[in-house]
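Summary of the model geometry
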Amino acid sequence: MNRFSYHRADTIDDAVRALAADPAAKIIAGGTNLVDLMKYDVEKPSTLIDVTRIEALKGISETEDGGLRIGALVPNTTVAYDERVASRYPLLASAILAGATPQLRNAATTGGNLNQRTRCYYFNDVATPCNKREPGSGCSAIGGLNRIHAILGASEHCIATHPSDMCVGLAALGADVHVVGPDGERVIPFADYHRLPRDAPQRDNTLRLGEIVVSIVLPPDAASHGVHHSYLKLRDRLSYAFALVSVATALTMEGGTISSARIALGGVAHKPWRRQEAETALAGRAADEHSFAVAADLLLDGAQGHEHNAFKVELARRAVIRALGQAAAGTPQSQTDKRIA
Amino acid sequence: MSVHRDLPARAIVGTQTVTIAIALNGERRSLKVSPATTLLDLLRHDLALTGTKKGCDHGQCGACTVIIDGQRINSCLQLAVMQDGKAITTIEGLSPDGALHPLQAAFIERDAFQCGYCTPGQICSGVALIAEGRATSREEIREHMSGNICRCGAYPNIVDAIEDVLVQRGQLMKETVE
Amino acid sequence: MLKNDTHIGSPRSRVDGPAKVTGKATYAAEFATPDLAHAYIVGSSVARGKITGIDVAAAGAVPGVIKIFTHENRPRTAWLSFRHKTIVGPPGRPFRPLYSDEIQYSGQPIVLVVAESFDVARHAASLVKVAYEQHPHETDLGRARSDSYEPPRRRLGIAPPPKPRGDAAKAYDEAAVRVSAEYTIATEHHNPMEPHATTVIWEGGGKLTVHDKTQGVQSSQAYVARVFGLSSDDVRVISPYVGGGFGSGLRPQHQLFLAVMASLALERSVRLELTRQQMFSHVHRPETINVLSLGADQDGKLTSIQHHALAATSRFEDHQEVVVNWSGLLYPAENVDLRYELAKLDTASPGDMRAPGAPLGVFALESAMDELAIAAGIDPIELRLRNYAERDENDDKPFTSKALRACYSEGAERFGWSRRDPKPGSMREGRELIGWGMASGVWDANMMKTSARAVLGADGKLAISCATSDIGTGTYTILTQIAADALGLAMDDVTVALGDSSLPTSPVQGGSWTAASAGSAVMAACQSLRETLVKHAGKIDGSPLVGAGIDDVAFAGGRIMMRLDASRSLSLADAVAAAGGSVEAEESAGPGLLGLMLPKSHSSYTHAAVFAEVRIDQDLGVLRVTRIVSAVAAGRILNPKTARSQIIGGVVWGIGMALHEETLTDHRLGRIMNHSFAEYHVPANADIHDIEVIFVEEHDDKTSPIGVKGLGEIGIVGTAAAIANAVHHATGNRIRSLPITIDKILADAV
Ligand SMILES: Cc1cc2nc3c(=O)[nH]c(=O)nc-3n(C[C@H](O)[C@H](O)[C@H](O)COP(=O)(O)OP(=O)(O)OC[C@H]3O[C@@H](n4cnc5c(N)ncnc54)[C@H](O)[C@@H]3O)c2cc1C
Ligand code: SF4
Ligand code: FES
Ligand code: FES
């Protein structure tokens, strides 16, 4: 772990100022990702800006139009067990509870979860080349060990995935990310928050210099799914493992017919993967295996496996079909009973 | 427990040591820490509270679990400097007057450990689980205890021990096997 | 055998429980002393080559750094290869840290930074820059396979494959029913929860107290004395608690060498703790490929067994295990051909890991037996019964005892095996396919020469001591039980001290021999105490025990009494007083020592039958092991409570081997890449459901004087095969490479 200065910020402005002043400075919230990476010497911030005392980043509140605002500092556990979240956005609660462990969720914050970095083996080992960690050094995962890597939206420079479960739920719900920077506040639609690697894999998201996430806003229109949702996560052991593939889906149903659908995939790309075509294809369709398969194929169109992860293409397809089935039936996947309903 | 903060809210302190005040196992402590020191290393190296274990130092095993302001947390990923004003309970704080916490006793009764290295983390985690009140079946205990790896494989006995205490407290009806 | 047992054979809670649940049990990295320096290792980032330069300027400039050791400035100590050898080491040249500029594997320790604090040492280590000249390396067993060889020198204590019997190839060709396939098991790392660590306390005057994570304090002591040219009186190793070993602490690991080296050079106390990543820089279970062919007649009677295994080893040592011999042991056949070969890789040396060799070979054998059962249309248990070995045909000896038949029947009964529909894919619930599989397990039952001391004080308290370790196996507890029963005391009146090199001699703790060996030694020491006490008791004026011999009395409730007349008794305290205030005895026990065993005339093994239920989602391949029954025949069970835990632990390891554990190496870099607990998966709590343990009755008076055979390894041996067989039963697909991950289930299902 490198030497760094420690700056405890008491206001958003203070944090933004400190961050804008030093491109090598980093925000620290729950620390569960940043401290982890600092011990591996992957992250070497010059200054840590401790935002955990900033009151304005805390709390969950109603928005005027009936949505829900979640402060960047709200711990994952608090969000998952919040009654408003559990009743209106149960998909989000489920996605959070599918991730990490009770201990980690207690420390992990909403803003930190959004900004956690990839679990690519090479990214985490400074003895190996990695474009994301050291631009221009090469991508070791291509032609190397790539079981946990992307099948969609990857580039010749990086095939890493975004590891978050929560973000897959947020992507499906179409949340907004509120950020504040030196130029004030702006709102980034969730789909635009994370980016594809293209030729700059060192950039995970579209935050600009000096910007911090202040809150996530869940839209009112994503609160109408009732029991018709599911978060289905497939992994190498039954708990405490990152997703090989995960699916977040929420449907509005009229009888046996789907009127609208939201689907996002995790573990398959540099960002939660969502495609309008797949969702449109389900609107007005009967909730049956055939419709689900059509949607899955559209969502996975162009998916490309590598040596060790080619299985994910078919696995993801089947997971989408099953999750849609669970959502349509109103039997969301439990995160404690590991049998897949 | 609330503790007086003697560090100004806003401070750029560089890489020198910082003084923090915490309530550790019910006792107020004022401590000098370097920003790069984790809570786990502070406990183990500086305070000789070696009951809290280091199994991975990266949030991957749960051996370092302590209870901070009522929440179970991996102390290896917490910077000590950020704990200012917090109340921290470690395994050493669970039986302050020498009498075992019911979960400690249940761990012995159910043989819920072998080498004992994961045990303090398991117990702190279990104590928090009981307080959280969310686990109401063996299945849920298993999931809610999955943040604590036990390489000796004492899992079924760990679940038994926690189940016993939940049953004692009326939080759970004993499941009959089969 | 023991008589009048109150504690032995009864479930007893661990005597070290209170220390462990309160955090008071102290492990190797937890001993402290003022002025302790902290060390941190820098590992090689290439797999093979030479160090051409090490730049320590930046690291050395960090305030708080005391010294940076490299091969260029390491102190001159014993650098002769043989001095680095220990008894468990294989043939070859043991790895010597900081020996030269040569890089032998990726992750090899090449620099040691010593600083005033852990933070500083870690930070400075990150600033060390190393330049290499890289040489071509090989870490891929698939490619190294073509250069396989029979180990020219055998490893001590590892039986080579027996000589071929009959003509196995011909018999195979002529067999009515045949199966032949390749079975592989991935590299695994032990990953005990406690990382390897050593705290060296510099006592002054060249004396060291060493707290080492080891399974043998005296082995560490001898190693340190030998390598650094110290007198063994100057080195004391104390490790009362060990946070899991599983074989990783059998040989001294490099942190011991480095910490002692630094301490001696700096004349200061030093602690060195490996990181979890560095736990992948030494011992591991070698990747192993089995080629196994079975031939049988129409009735399933085996006529030919051919088992050829190829295991990875390092470039510099020939690590060896018993992998194939089990195939000649478990089932008799006229024609048997067993071979074991190695192939060299540029990795650290593999080493013993829980039941070394056995689960690898038995996975192949018991999978193949399942395949044969299907090919012959015979129930898997029936097939095994038809081929039940009544003798050890490898060594042509009778068994000391073998209750494997009872394991099959009692295990099957408890599991409900008779309700199994043999047709694959025939049992399901909703979208879950249910599979039931079974397998046999087998492991050596051994006893090693061990000594123990027993001291009974005037207060009636008994102190037992022995250098052996308790690595979580329950040794403290069973020795307490044995001693308490021997002298008729409550367990609270007995203390047991272990894990200190100054205590009576013991071998390393491994191979499941500790209970039998240390237990017998404690028995012998207590027996000697009893004799002394009775002798002195009889001499007291007006003693109620006058004229009594050792066979005439019983020890119970803190008293010595006449067997035939309990009213004639004397308190232990009085007997001790008569003997001069305290009585002490030190005794050894070992194979043949007590005249009870005929080690050369019989073979001794523990056995198990393992039954597994898996549930697999038919579309998604998600697998859950919902039930395991392990029926074990291991002689006498001293403590059913801790014994059950040992087996459960072994079964959990078997589940890990079957489903999770796999060290992933990037062969281009020659580097292990999943070197963390996040990506090297071991089972989590959610992965483990019901595990039922049955101890079948087995009487054995030849393996050890106390009837014990050992339990540390048998739990793992058949478990992976039982699960793989259950997977086949559920899905109809045979997966022959472990671990069975979701992609393999899907690949076969699609
Ligand atoms: C072993 C392990 C297993 C895990 N398993 C899972 C899993 O299965 N699923 C899953 O989803 N997650 C998993 N996690 C990841 C965990 O969810 C993240 O580490 C956590 O959400 C990060 O939040 P934090 O508050 O601790 O972030 P920090 O570590 O404090 O910060 C992470 C990053 O976010 C930046 N940041 C923090 N707050 C802000 C802000 N307000 N604005 C801008 N940038 C900010 C920081 O600068 C840093 O770069 C796991 C973690 C570990 C260690
Ligand atoms: S996939 Fe991305 S993160 Fe991984 S090695 Fe390649 S560039 Fe680095
Ligand atoms: S030591 Fe903190 S989680 Fe492993
Ligand atoms: S008791 Fe040894 S790791 Fe859990």
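So, here's what we can say about the structure. Since we're looking at a predicted model, the values are computed, not measured.

Scanning chain B from terminus to terminus reveals 5 helices and 6 strands. Evaluated residue by residue, chain B yields a buried proportion of 68% over its 178 residues. Of the roughly 5800 Å² of accessible surface on chain B, a fraction of 48% belongs to carbon and sulfur atoms.

The next thing to look at is the sheet that holds strand β17 (residues 428-429) of chain C. Hydrogen bonds between backbone atoms are what pair the strands of a sheet, whose relative direction is either parallel or antiparallel. All names here are of chain C. Taken in spatial order, the 5 strands of this open sheet run β17-β18-β26-β27-β30, and their pairing is mixed. A single partner strand is all that each edge strand has here, and the edge strands are β17 and β30 (690-695). Where β17 lies against strand β18 (residues 432-444), 2 bridges are found, and the strand directions are antiparallel. Residue pairing across strands places Glu 429 opposite Glu 432, the latter belonging to β18.

Turning our attention to the pairing of strand β5 (residues 71-74) of chain B. Residue and element names in this part refer to chain B. Two strands pair when backbone bridges link them, and strand β4 (residues 65-68) and β5 are joined in this way by 4 bridges, in the antiparallel orientation. Note that in β5 the partner of Thr 65 across the bridge is Asn 74. Between β4 and β5, which pair antiparallel and follow one another directly, the connecting turn spans 2 residues, one of which, Asp 69, has a positive phi of 45 degrees.

Moving on to the packing of aromatic side chains. Scanning the entire structure with this criterion turns up 18 aromatic pairs over all chains. With a centroid separation of 5.1 Å and 90 degrees between ring planes, the pair formed by Tyr117(B) and Tyr27(C) is classed as edge-to-face. One end of the pair, Tyr117(B), is in the loop between α2 (102-109) and α3 (119-132); the other, Tyr27(C), is in the loop between α1 (17-21) and β1 (37-43), on a second chain. Both residues of the pair, Tyr117(B) and Tyr27(C), count as buried. Look at Phe95(C) and Tyr105(C): their rings are 5.6 Å apart centre to centre, the planes differ by 65 degrees, and that puts the pair in the edge-to-face class.

Moving on: the interface of chain B and chain C. Size of an interface, as often reported, equals the accessible area lost when the parts are brought together. Taken together, the 49 residues of chain B in the interface contact 55 residues of chain C. Across the chain B-chain C interface, the total number found is 7 salt bridges. For the pair chain B and chain C, the interface holds 24 residue pairs in polar contact (both at pLDDT 80 or more). Of the residues forming the side of chain B that touches chain C, the biggest block, 6 residues, is contributed by helix α5 (residues 155-168) of chain B. Looking at the side of chain B that touches chain C, its residues break down into 21 nonpolar, 15 polar and 13 charged.

Moving on, we get to the state of the cysteines. Taken as a whole and assessed by the stated rule, the structure comprises 0 disulfides over all chains. As a non-bridged cysteine, Cys466(C) has Cys526(C) as the owner of its nearest cysteine sulfur, 12 Å distant.

Taken together, the neighbourhood of ligand 1 is formed by 34 residues, with Ile27(A), Gly31(A), Thr32(A), Thr109(A) and Asp165(A) sitting nearest. With respect to ligand 1, its neighbouring residues span chains A and B. Between ligand 1 and Asn33(A), the relevant distance is 2.8 Å, taken from an oxygen atom to a main-chain nitrogen or oxygen of the residue. A distance of 2.9 Å is found between an oxygen atom of ligand 1 and a backbone nitrogen or oxygen belonging to Ala100(A). Sorting the residues of the shell around ligand 1 by element identifies β2 (26-28), α7 (110-114) and β8 (212-218) of chain A as the ones contributing at least two each. Split by residue class, the shell around ligand 1 holds 14 nonpolar, 16 polar and 4 charged.

Residues and elements named next belong to chain B. Contact pair α3 / α5: the axes reach a minimum separation of 11 Å and the direction vectors enclose 35 degrees. For the pair α3 and α5, the sense of crossing is right-handed. Packed against α3, whose contacting residues are Gln 122, Gly 126, Leu 129 and Ile 130, the element α5 presents Ile 158, Ile 162, Val 165 and Leu 166 at the interface. For the contact of α3 with α5, the residue count by class is 6 nonpolar, 2 polar and no charged.

Attention now moves to the sheet that holds strand β23 (residues 559-562) of chain C. All names here are of chain C. With respect to topology, 3 strands assemble into an open sheet ordered β22-β23-β24, the strand pairing being antiparallel. Both outer strands of the open sheet, β22 (553-556) and β24 (565-571), are each paired with one neighbouring strand and no more. Direction aside, neighbouring strands of the sheet carry axes that sit 30 degrees apart on average. Helix-sheet contacts for helix α13 (residues 514-539) involve β22, β23 and β24, and the interaxial angle to β22 is about 110 degrees.

Contacts to ligand 2 come from 14 residues, most closely from Cys120(A), Cys130(A), Cys139(A), Cys158(A) and Ile159(A). In the shell around ligand 2, the residues fall into 9 nonpolar, 4 polar and 1 charged.

What counts, and at which threshold
- Residues numbered from 1 in each chain as written.
- Chains lettered and ligands numbered in written order.
- Predicted model: local features only at pLDDT ≥ 70, side-chain atom pairs only at ≥ 80, totals over all residues.
- Heavy atoms only, no water.
- Helix = DSSP H or I, 4+ residues; strand = E, 2+ residues; numbered from the N terminus.
- Buried < 20%, exposed > 50% of the residue type's maximum accessible area, 1.4 Å probe, protein only.
- Areas by Shrake-Rupley, 256 points an atom, 1.4 Å probe, with all protein chains shown as cover.
- Pairing = 2+ DSSP bridges.
- Phe/Tyr/Trp six-rings, centres within 6.5 Å; stacked < 30°, edge-to-face > 60°.
- Contact = heavy atoms within 4.5 Å.
- Salt bridge = Lys/Arg side-chain N within 4 Å of Asp/Glu carboxyl O.
- Polar contact = N/O pair within 3.5 Å; in protein donor to acceptor, adjacent residues only side chain to side chain.
- Nonpolar A, V, L, I, M, F, W, Y, C, P; charged D, E, K, R; others polar.
- Disulfide = S-S within 2.5 Å.
- Near = heavy atom within 4 Å.
- Axes fitted to C-alpha atoms, helices over the stretch in contact; angles between N-to-C directions.
- Left-handed = near helix turned anticlockwise from the far one by under 90°.

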